[in-house]
Amino acid sequence: MIILLLGSGGREHTFAWKMAQSKRCSRLFIAPGNAGTSTCGENVQIDPLDFNAVGRFVLENKVEMVVVGPEEPLVRGIWDYFQENEALKNIPVIGPSKAGAVLEGSKAWSKKFMQRHKIPTAAYREFTAAELESGVEYLRQHPLPIVLKADGLAAGKGVVICEKHKVAEQEFRDMLDGKFGAAGERVVVEEFLTGIEFSVFVLTDGKTYKILPEAKDYKRIGEKDTGPNTGGMGAVSPVPFVDDTMWQKVEERIIAPTVKGLRKEKIVYKGFIFFGLINVGGEPYVIEYNCRMGDPETEVVLPRLKNDLVQLFENCAKGTLGRVRIRADKKIATTIFLVSGGYPDHYEKGKVMSGLDQVKGSLAFHAGTRRQGDEVLTHGGRVLALTSLGKDLKSALRKSRRNAKVVQFDGKYYRRDIGKDLEAL
Ligand code: AMP
Ligand code: GLY
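Below: a short report on this structure. (Residues numbered from 1 in each chain as written. Chains lettered and ligands numbered in written order. Predicted model: local features only at pLDDT ≥ 70, side-chain atom pairs only at ≥ 80, totals over all residues. Heavy atoms only, no water.)

**Some details on the sheet that holds strand S22 (residues 382-390)**
- Taken in spatial order, the five strands make up an open sheet running S12-S15-S18-S22-S19, and their pairing is antiparallel. Strand pairing shows two members of the sheet lacking a second neighbour, strand S12 (216-217) and strand S19 (363-366), which therefore form its edges.
- Strands strand S15 (234-237), strand S18 (332-339) and S22 of the sheet are contacted by helix H12 (residues 393-406), whose axis makes an angle of about 145 degrees with S22. (Pairing = 2+ DSSP bridges. Helix = DSSP H or I, 4+ residues; strand = E, 2+ residues; numbered from the N terminus. Contact = heavy atoms within 4.5 Å. Axes fitted to C-alpha atoms, helices over the stretch in contact; angles between N-to-C directions.)

Structural data, given as structure tokens:
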């Protein structure tokens, strides 16, 4: 099967690495990819948001399946674009329709969806610019901290947790005044939940679903979870505090009603659902949905997955996931992200990387990298994820940390405490 994978991050290098291992994959293209994906298949310089260019490439190269890594093409409707085109409609796109991707694309919509299907989530209200004054009134009465969420996609920056009413009011006004563009035309004001977060992933064919290994990611830039939020600085799978009782609650109260709810509302969804969850005193709540896999969670989930990923995607497209049994390695996987100095704010690109060929005992998944001649250069904030498997957390972390020292580039930074909180449990 000839496959086209869309995206260019660590998640996509991990997908490409896993799909390239499948006998069912005869040729793999990645658009646009990075220096790592070019070792698994052929990078092609196409923007995943340019649907006409994607469609043309698919037809010219006899692509038989399209796998979508990031959310934006899904939220903008790449699935629907294929469906509406006679020549493309029989080529499966792994990822939800536009109507399904709205689970991630609109926080207000997803909150209403959870209410309709009685899925546990934080209490909230939503406001538009026309309701600014009543919103401000509401904020003034709201207990602290206050969680403000721009409704639409805002490159991971649309959630602000405010410790003071004055700050919340200003932020609320700024959001409704266009701070995040159209994403902030509607703002969700949410109750703050206290607990430990974890991520759960399912692949669904719209009828049934298969649960993949869970993971925990580390979002803050600084050690001990301090400083601004990032795309993710590292991850661990499995998560020790997610025991059988918790799994049962997650499946009964969250996963099953979500898949059933989508089906009941006749929303076409054949792809990943990422549940961002929080454990509040033993009870799971949904913090957010994403319509794709997580990054860096994919870098610890897929190395533990024993199934053939291409076969899983074929089952997903055909609606035969019910036949599949997911098999996961019992080993622990950890990943540590090397990032560019200054990330998540201003950082420089184009730094020469060295030591990549000396990585031993870990998988090096590229994110922001680019090949130039014989050299690999940094090309983004998050640069390289070093994933290790171990019989326990300690041995996996030891390998990821050792290799984090081996790879060098000017300005390199990484968190040395990934997984430490879990070691203490
Ligand atoms: P999101 O962009 O929706 O993933 O939110 C970013 C982060 O904000 C989450 O990972 C949580 O750490 C935090 N967050 C979002 N909503 C809440 C909430 N209701 N209570 C506590 N923390 C939250
Ligand atoms: N690691 C969080 C995300 O992919 O959204």
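**Observations regarding the site of ligand 2**
- Every residue lining ligand 2 is accounted for by Asp217, Gly231, Phe274, Asn290, Arg292, Gly294, Asp295, Pro296 and Glu297.
- Measuring from an oxygen atom of ligand 2, one finds a side-chain N or O atom of Arg292 at 2.9 Å.
- Here a nitrogen atom of ligand 2 sits 2.8 Å away from a polar atom, N or O, in the side chain of Glu297.
- Burial of ligand 2 by the surrounding chains reaches 89%, relative to a free accessible area of 200 Å².
- Classifying every residue of the shell around ligand 2 gives two nonpolar, three polar and four charged. (Near = heavy atom within 4 Å. Polar contact = N/O pair within 3.5 Å; in protein donor to acceptor, adjacent residues only side chain to side chain. Areas by Shrake-Rupley, 256 points an atom, 1.4 Å probe, with all protein chains shown as cover. Nonpolar A, V, L, I, M, F, W, Y, C, P; charged D, E, K, R; others polar.)

**A word on empty space enclosed by the protein**
- One pass over the full model with this rule turns up one cavity of 30 Å³ or more.
- The volume enclosed by the largest cavity comes to roughly 80 Å³.
- In this structure, the largest cavity is lined by Leu103, Glu104, Ser106, Lys107, Ser110, Lys111, Met114, Lys149, Glu190, Ile287, Glu288 and Tyr289.
- If you list the elements that add at least two residues to the lining of the largest cavity, you get helix H5 (98-105), helix H6 (107-116) and strand S17 (283-290). (1 Å grid on protein atoms, 1.4 Å probe; cavity = no way out; pocket = protein on both sides within 12 Å on 5 of 7 lines; lining within 4 Å. Points joined across faces, edges and corners; volume = space filled by probe spheres on them.)

**What to know about the packing of H5 against H6**
- Two elements in contact, H5 and H6, have axes separated by 6 Å at closest approach and are oriented at 100 degrees. As judged from the angle between their axes, H5 and H6 are roughly perpendicular. Taken together, the residues of H6 that come into contact with H5 (itself represented by Val102, Leu103 and Gly105) are Lys107, Trp109, Ser110 and Phe113.
- The residue inventory of the contact of H5 with H6, partitioned by class, reads four nonpolar, two polar and one charged. (Parallel < 35°, antiparallel > 145°, perpendicular 65-115°, else oblique.)

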